[in-house]
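Fold and geometry: a report
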Amino acid sequence: MFFRQYELGCLSLYSYLVGDEAAGRAVVVDPQRDIDQYLADAEAHGLRIERVIETHFHADFVSGHLELARATGATVSYGPGAEADFPIENLAEGQRIPLGEVELEILHTPGHTPESISVVIRERAGDAEPWGVLTGDTLFIGDVGRPDLLASAGRSPEEMARSLFRSLHGPLLSLPDATRLFPAHGAGSACGRAMSSAPTSTVGEQRRTNYALQPMSEADFVAVMTSNQPVAPLYFGFAAGANRHRRDLLDEHAETAPLTAEDVVGHLDRGGAVIDGRSPQAFASGALRGSINVPLDGRFAEYAGDVVPAGVPIVVVTDPGREAEARIRLARIGFDDVIGHLPEIERVLTENPDLAVRADRVAAVDLADWASDQDLQLVDVRNPAETDAGTLSGATLVPLARLLLGSGDLDPDRPTVVYCASGNRSSIAASVLRARGFARVADVLGGFDAWTAAGLPVSTPRG
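Let me begin by describing the structure that accompanies this report.

Rules of the game
- Residues numbered from 1 in each chain as written.
- Predicted model: local features only at pLDDT ≥ 70, side-chain atom pairs only at ≥ 80, totals over all residues.
- Heavy atoms only, no water.
- Salt bridge = Lys/Arg side-chain N within 4 Å of Asp/Glu carboxyl O.
- Helix = DSSP H or I, 4+ residues; strand = E, 2+ residues; numbered from the N terminus.
- Buried < 20%, exposed > 50% of the residue type's maximum accessible area, 1.4 Å probe, protein only.
- Pairing = 2+ DSSP bridges.
- Phe/Tyr/Trp six-rings, centres within 6.5 Å; stacked < 30°, edge-to-face > 60°.
- Lys NZ or Arg CZ within 6 Å of the ring centre and 35° of its normal.
- Contact = heavy atoms within 4.5 Å.
- Axes fitted to C-alpha atoms, helices over the stretch in contact; angles between N-to-C directions.

A few words on the pattern of salt bridges. Under the definition given, this model contains 28 salt bridges. Taking the shortest distance from any N to any O, the salt bridge between E89 and R51 comes out at 3.3 Å. You can see E89 sitting in strand 6 (residues 89-90) and its partner R51 sitting in strand 4 (residues 48-53), a full 38 residues away along the chain. Accessibility expressed as a relative area gives 28% for E89, which makes it partly exposed. Note that R166 is salt-bridged to E218, the shortest N-O span being 2.9 Å. Here E218 lies in helix 5 (residues 218-225) and R166 lies in helix 3 (residues 157-172), a separation of 52 residues in the sequence. Overlapping salt bridges bring together R33, E67, R247 and D336 as one network.

Next comes the structure, spelled out in structure tokens:
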């Protein structure tokens, strides 16, 4: 048996290549959109990718099923009841997929989505003990899939949580404790709330340690799973739709066109977005007026999808040589309309000082003095679960993923200070507010963590 787990850290995504080297047959499960690594590994090990198995319609990234189907002729497969406007094969509960001696078995495990499946792997057909199981977004290491993402599709979180409970305590926990467990996501993903950074576990370990698998009634499980979930990133609905439909295929090797300052200013005037992927420190020292700071060294695509509406044409600004990386990472969430990049940003700003803006950043200890200003507007962009430990007194809570929708409740004429947990999201949020015309905006260096480390007071949050 050939088995490889791939990790895409910036989206907390795990994908898999499973095959039988003797037979030369393989499948890819939950692929990211840029597919060269799967093709290279399959070729290196004499494998032919015959099938792409999607454990569900993903919302947090645009999958590479169409790219793999074009490159290999593979069949695209989803679970029971799945519908798409491109050719798919629906897999049935209990269906066996032989790859040679290696055999896969499909378990229908709805709850995160109705069509969700898990894939049991046996090294030899008929083995009583499975080698492992790919659990998609049904069961994570330390957590389970959130049941609340389909409210807009008429599925209540309570209904989905009941399905999730039955999937966990039926087919998945019926597997032997020694069964290796491989999820679709790890720590940091917004598809759950308490995921471990460990890439693999076992069914038995999760039975003992996963809070969601501890003895409780179905009603108690539903109550736990329908409360205190993180705010879903703004782009999730767009990505979920893109995964159901035909779309343009990604060309991983396309050029990202260089643009002039005049080009980019015209782009902004027409309603386009400029995403500056440099560090918050570099951005603060000088940036293009109207641009949004989303650092590449982080959860770039997810945060960009929080603060730039889907479908808006984008220009990227990066450190030298990283523009192609920015384009690919945006494409992973379906943001394909990157029209080019602005090179040599420091030179552009030096030659066009009227286009430059600096960003104010304030240390937590200095903010304590600012807070005496009665007109100061404090904005906390952390998620609800993060604010349970307290907030700064008087702060208005607007999670980053809701900033585009919630900034209308803020006063653009008041001085505004934004903070998050450690200072990364606050730089993004502050740049969004500046681009929206807020007159004076600063963000807190080190965020709430720096505030509490300095022994400064916190208060009960208010919304």
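Text resumes after the structure shown.
Let's shift gears to unusual backbone geometry. Despite not being glycine, S12 shows a phi value in the positive range, around 50°. Within the element layout of this structure, S12 appears in the loop between strand 1 (2-8) and strand 2 (13-20). Residue S12 is classed as buried on the basis of its relative accessible area, which comes to 6%. Within the chain, E344 stands out as a residue other than glycine whose phi angle is a positive 50°. Take E344: it is sitting in the loop between strand 17 (338-341) and helix 11 (345-351).

Following the sequence through the fold, D248 ends up in the loop between helix 6 (236-242) and helix 7 (261-269). The exposed category is assigned to D248, whose relative accessible area is 64%.

What follows covers the sheet that holds strand 16 (residues 314-317). Strand order in the open sheet made by the four strands is 15-13-16-17, with parallel pairing throughout. The strands lining the two open edges of the sheet, one partner per strand, are strand 15 (292-293) and strand 17. Pairing between strand 13 (residues 273-276) and strand 16: four bridges, direction parallel. The partner of I275 across the bridge, within strand 16, is V316.

Now for the packing of aromatic side chains. Two aromatic rings, taken as a pair, are described by how far apart their centres are and by the angle between their planes. Evaluated as defined, the whole model comprises 11 aromatic pairs. Ring geometry for Y16 and F182: centres 5.9 Å apart, planes at 70°, overall edge-to-face. Of this pair, Y16 sits in strand 2 while F182 sits in strand 11 (residues 180-183); the two residues are 166 residues apart in sequence, bridging distant segments of the chain. In this pair, the class of Y16 matches that of F182, namely buried. Ring pairing ties together the aromatic residues F3, Y16, W131 and F182, which thus form one cluster. A cation over an aromatic ring shows up here: R244 above the ring of F57, its NZ or CZ 4.0 Å from the ring centre.

Before going further, it helps to spend a moment on the sheet that holds strand 19 (residues 360-363). In spatial order, the strands read 19-23-22-20-21; together these five strands make up an open sheet with parallel pairing. Both edges of this open sheet fall to strand 19 and strand 21 (396-397), since each of them pairs with a single strand only. Here three bridges tie strand 22 (residues 416-419) to strand 23 (residues 441-445), and the two strands are oriented parallel to one another. By the bridge assignment for strand 23, V418 is matched with D443. Along the sheet face, helix 15 (residues 424-435) touches strand 19, strand 22 and strand 23 and points at about 175° away from the line of strand 23.

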